[in-house]
Amino acid sequence: MDVKIHDSWKEVLKNEFTQPYFPQIVTFLRTEKEAGKVIYPPGSLIFNAFNTTHFDNVKVVLLGQDPYHGPGQAHGLCFSVQDGITPPPSLVNIYKELNTDVGVPIPKSGNLIKWAQQGVLMLNASLTVRANEPMSHSKIGWATFTDAVIRTVSEKKEHVVFLLWGKFAQEKASMVDASKHLVLRAAHPSPYSASNGFFGCHHFSKTNEYLVKNGIEPIDWSL
C-alpha cells in the first residue's frame, strides 16, 4: 500500500506496511470517518513526524503517548501544538526546564517543528486519536508500528538520544540498544509529575553534550 510517508522511512519500514495489522489500521480510520467521527491530527499530518524528520537525519527520539484530542492542537509532533494554540500544561513545563537548563527564553508558541527539522523525531506511540477521547486509538495497531520505528532506529543508527519521559515512555527502553545510544529517563512533564524528577533533569544540555562528543551537530533548542 502507498503510505504517505517520506521515502527514507518507507524504505526502512517497508516490512511493516506489508504486515496484516497495518491495513487494519487504515480500515479502522476509514470506518471511523465514515461514521462521522472527528480524528486528530488531520490525515495529511498523521505522518508529520516522519515527513519532517527523515530517517537519515534522526539525532534524537522524543516519545509521547497520544496526540492532543482538542480542536486545532495536534499536528503529528508529540507535545507540540499548531500555531495560535495555547501551549498545554506539559509543554509549559517542558519550556520551564528548557529555560533553567539551557537558558532558552520561554516561547509563546507551542509549535516545536523547529526541533523536528533539526533531527528530533517527535514520535507519539499512537498516531491518531478520536476527538475528545484520549487514548481512543491506542489499541488499533499503532503501538505495533511505532515500536517497530523505535527498534529500527536503534538497530540501523548509532549515537541517537532517546528521551523517555514518564512510565509509559520508559517501558520502551528495552527496545533500545543502550550500548550505542544514550537513553535518558525522567518523570513526565505533566503538572502531576513534573516535580518528581522532570524539573532538573537537564535532558536538553545532556543531549547536546552527547551529540557533540560523538561529532554530531547539536540541537538548537530555541524556538
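For the structure itself, look to the data block above.
From a predicted model like this one, the values you see are computed outputs, not experimental measurements.

**Side note on the sheet that holds strand β3 (residues 120-124)**
- Strand order across the open sheet formed by 4 strands is β3-β2-β5-β6, with parallel pairing between neighbours. Each edge of the sheet is formed by a strand with only one pairing partner; in this case those strands are β3 and β6 (182-186). Going from strand to strand, the sheet's axes swing by 20 degrees on average, the running direction of each strand aside.
- Where strand β2 (residues 60-64) meets strand β5 (residues 161-165), 3 bridges bridge the pair, whose relative direction is parallel. Bridge pairing in β5 places Val61 opposite Phe162.
- Seen against the sheet, helix α7 (residues 142-156) touches β2, β3 and β5 and runs at an angle of roughly 155 degrees to β3.

**Considering the packing of aromatic side chains**
- The final tally for this structure, using the stated rule, is 19 aromatic pairs.
- Summarising the aromatic geometry, the rings of Phe47 and Trp142 are spaced 6.1 Å apart at their centres and angled 75 degrees between planes, so their arrangement reads as edge-to-face. Of the two residues, Phe47 is situated in the loop between β1 (39-40) and α4 (48-52) and Trp142 in helix α7; the sequence distance between them amounts to 95 residues.
- Using a relative accessible area of 2% as the deciding quantity, one classes Trp142 as buried.
- The positively charged end of Lys157 is found above the aromatic ring belonging to Phe55, 5.1 Å away from the centroid.

**Side note on the side chain of Glu32**
- Looking at the secondary structure, you find Glu32 in helix α3 (residues 21-34).
- Judged by relative accessible area, Glu32 falls into the buried class, the value being 9%.
- Engagement of the side chain of Glu32 in a polar contact is seen with the side chain of Arg130, the distance being 2.8 Å.
- Here Glu32 is in contact with Lys37, Ile39, Arg130 and His137, once residues within four sequence places are set aside.

**A few points about helix α5 (residues 89-102)**
- When the terminal C-alpha atoms of α5 are compared, their 20 Å separation across 14 residues agrees well with the 20 Å that a helix rising 1.5 Å per residue should span.
- Taken together, the buried positions of α5 are Ser90, Leu91, Asn93, Ile94, Tyr95, Glu97, Leu98 and Asp101.
- Downstream of α5 by one or two residues, Gly103 has phi in the positive range, about 80 degrees.

**Regarding the nonpolar core**
- With 70 residues, the main nonpolar core has Trp9, Phe47, Phe50, Trp142 and Phe145 as its most contacted residues.
- In this structure Phe145 touches Ile5, Leu13, Glu16, Phe17, Tyr21, Phe22, Phe47, Phe50 and Leu127, once residues within four positions along its chain are discounted.

**Overview of the packing of α5 against helix α9 (residues 203-213)**
- Look at α5 against α9: their axes get within 8 Å of each other, and the N-to-C directions meet at 60 degrees. Here α5 lies oblique to α9, going by the angle between them. Of the residues in α9, those touching α5 at Ile94, Glu97, Leu98, Asp101 and Val102 are His203, Phe204 and Ser205.
- Of the residues in the contact of α5 with α9, the class split is 4 nonpolar, 2 polar and 2 charged.

**Brief notes about the pairing of β5**
- Most of β5 is tucked away: 5 of the 5 residues are buried.
- Of the two faces of β5, the one lined by Val161, Leu163 and Trp165 and the one lined by Phe162 and Leu164 are each fully buried.
- Where β5 lies against β6, 5 bridges are found, and the strand directions are parallel. Considered in β6, the bridge of Leu164 is made with Arg185.

**A word on the pattern of salt bridges**
- Inspection of the entire model under this criterion finds 6 salt bridges.
- With a closest N to O distance of 2.7 Å, Glu133 and Arg130 form a salt bridge.
- Lys167 serves as the salt-bridge partner of Glu171, at 2.8 Å between the closest nitrogen and oxygen.
- Residue classification places Glu171 among the partly exposed residues on the basis of a relative accessible area of 48%.
- Judged by relative accessible area, Lys167 falls into the exposed class, the value being 63%.
- Salt bridges sharing common partners tie together Glu32, Arg130 and Glu133.

Procedures and definitions
- Residues numbered from 1 in each chain as written.
- Predicted model: local features only at pLDDT ≥ 70, side-chain atom pairs only at ≥ 80, totals over all residues.
- Heavy atoms only, no water.
- Pairing = 2+ DSSP bridges.
- Helix = DSSP H or I, 4+ residues; strand = E, 2+ residues; numbered from the N terminus.
- Axes fitted to C-alpha atoms, helices over the stretch in contact; angles between N-to-C directions.
- Contact = heavy atoms within 4.5 Å.
- Phe/Tyr/Trp six-rings, centres within 6.5 Å; stacked < 30°, edge-to-face > 60°.
- Buried < 20%, exposed > 50% of the residue type's maximum accessible area, 1.4 Å probe, protein only.
- Lys NZ or Arg CZ within 6 Å of the ring centre and 35° of its normal.
- Polar contact = N/O pair within 3.5 Å; in protein donor to acceptor, adjacent residues only side chain to side chain.
- Expected span 1.5 Å × (residues − 1).
- Core = buried A, V, L, I, M, F, W, Y, C linked by side-chain atoms within 4.5 Å.
- Parallel < 35°, antiparallel > 145°, perpendicular 65-115°, else oblique.
- Nonpolar A, V, L, I, M, F, W, Y, C, P; charged D, E, K, R; others polar.
- Salt bridge = Lys/Arg side-chain N within 4 Å of Asp/Glu carboxyl O.

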